[in-house]
Amino acid sequence: MKSFIIFSLTFFFINCRTVFPQIKDYLFEGEKHFKNVKMLTTEGENAEAYFSFDGRKLVFQATFDSMECDQIFTMDIDGTDRKLVSTGNGRTTCAYFYPDGKSILYASTHLTDENCPPPPDRSKGYVWKLYETFDIFLKDGDELIQLTDTPGYDAEATISPKGDKIVFTTMRDGDPELYIMDLDGSHQTRLTFERGYDGGAFFSPDGNKIVFRASRLVTDEQLVDYNDLVENGYVRPSVLEIFVMDADGKNMKQITNLGKASFAPFFHPGGEKIIFSTNYNGDSPRDFNLYIINIDGTGLERITYNSSFDGFPMFSPDGKYIVFGSNRFNKKDTDTNIFIAEWVE
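Residues numbered from 1 in each chain as written. Predicted model: local features only at pLDDT ≥ 70, side-chain atom pairs only at ≥ 80, totals over all residues. Heavy atoms only, no water.

Caption draft 1: Structural view of the packing of aromatic side chains. According to the stated counting rule, one finds 26 aromatic pairs in the structure shown. Plain terms: the ring middles of Phe-263 and Phe-312 are 5.4 Å apart, the flat faces sit at 85° to each other, and that makes the pair edge-to-face. On the criterion of sequence distance, the pair formed by Phe-263 in strand β20 (residues 262–267) and Phe-312 in strand β24 (residues 310–315) is long-range, its members being 49 residues apart. In this pair, the class of Phe-263 matches that of Phe-312, namely buried. Look at Phe-324 and Phe-339: their rings are 5.7 Å apart centre to centre, the planes differ by 20°, and that puts the pair in the stacked class. A residue pair is termed long-range when its members are at least 10 positions apart, and Phe-324 in strand β25 (residues 321–326) and Phe-339 in strand β26 (residues 337–343) qualify at 15 residues. For the pair Phe-324 and Phe-339, one class covers both residues: buried. Through a chain of ring-to-ring contacts, the aromatic side chains of Tyr-26, Phe-28, Phe-34, Phe-315, Phe-324, Phe-329, Phe-339 and Trp-343 assemble into a single cluster. Positioned above the aromatic ring of Tyr-234 is the side chain of Lys-129, whose terminal nitrogen or guanidinium carbon lies 4.7 Å from the ring centre. The positively charged end of Arg-216 is found above the aromatic ring belonging to Phe-243, 5.0 Å away from the centroid. (Phe/Tyr/Trp six-rings, centres within 6.5 Å; stacked < 30°, edge-to-face > 60°. Helix = DSSP H or I, 4+ residues; strand = E, 2+ residues; numbered from the N terminus. Buried < 20%, exposed > 50% of the residue type's maximum accessible area, 1.4 Å probe, protein only. Lys NZ or Arg CZ within 6 Å of the ring centre and 35° of its normal.)

In structure tokens:
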């Protein structure tokens, strides 16, 4: 979800940076799991780049030049052949390839208004806006097919490696919950039922598990704050943890307990580890880096050492590459770019 990019950019100050020595190829000291890092975009806000099922293309969201809010694009994994695939209207988010490598899944507000929706009201601090006008669409050639049509936010959709199911976040029940549906939008079924935000879900490589980020309300003060915000379509993402459950919603387990903003989890191709972004151990709340952890919650390891923002990691299907969004080595402080690297186990 683009909200964390806004978190990183809008509230980013140059004097919050800690300088780490650069080695080469957009690397910082300590980043031993990366080699041959390449910057695929060069300007604007680019985020949530995800591989096609064959690993040859990426789909991502971007705002650049005169654009006022995100649209969906595809490109080859070397950064060439960038193409707009969304309508160019409204705000879009969270795109994903269908198994055929041609059809695209994404969320958009364009049916309600061709203009960008207003930015979040930050009078209550840093919050995410879950725009009620977001619905999920399938772009199939020249045809755009609406898959969800319920009151409230529908977005954050991804597809199982089995090629049979979509998991997504919805506000149709008055609380951000995870649902699952078939590729054509049928058989929409609720998976989560606890009070608190549940979202940003991805399937395991075998399609049998789902990893996601969630807020859980421990104190009465947190519950009051949450209820007040969610009633108006907002959530406060300052404390998010990583959870795993079976693909049918059973056997849910909390993986992290860091007390920070942890998000964008994705399974390692082996299925036994999860990579994610967090400001745990950051020099400031805006300092996000990538970490990897075993699915039993052990073996937390830091992957990146950037002093601003690294997020939205995804492994290629064969495990040879990793793609991620980052503020590293930008032309402008307000830029976020997409990087690809060879993964060193």
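Caption draft 2: A look at the pairing of strand β4 (residues 71–76). Burial runs high along β4: five of the six residues are buried. Bridge count for β4 against strand β5 (residues 83–84) is two bridges, and the pairing is antiparallel. Residue pairing across strands places Phe-73 opposite Leu-84, the latter belonging to β5. Hairpin connection between β4 and β5: a loop of six residues separates the two successive antiparallel strands, and Gly-79 in this loop has a positive phi of roughly 90°. (Pairing = 2+ DSSP bridges.)

Caption draft 3: Layout of the sheet that holds strand β9 (residues 135–140). With antiparallel pairing, four strands are arranged side by side in an open sheet as β6-β7-β9-β10. Looking at strand neighbours, the two that pair on one side only are β6 (92–97) and β10 (143–146), the edges of this open sheet. Between one strand axis and the next, the sheet turns through 25° on average, direction left out of account. Two elements, strand β7 (residues 104–108) and β9, share five bridges in a ladder whose sense is antiparallel. Bridging across to β9, Ala-107 finds its partner in Ile-136. (Axes fitted to C-alpha atoms, helices over the stretch in contact; angles between N-to-C directions.)

In short, shape yes, function no, at least from these values alone.
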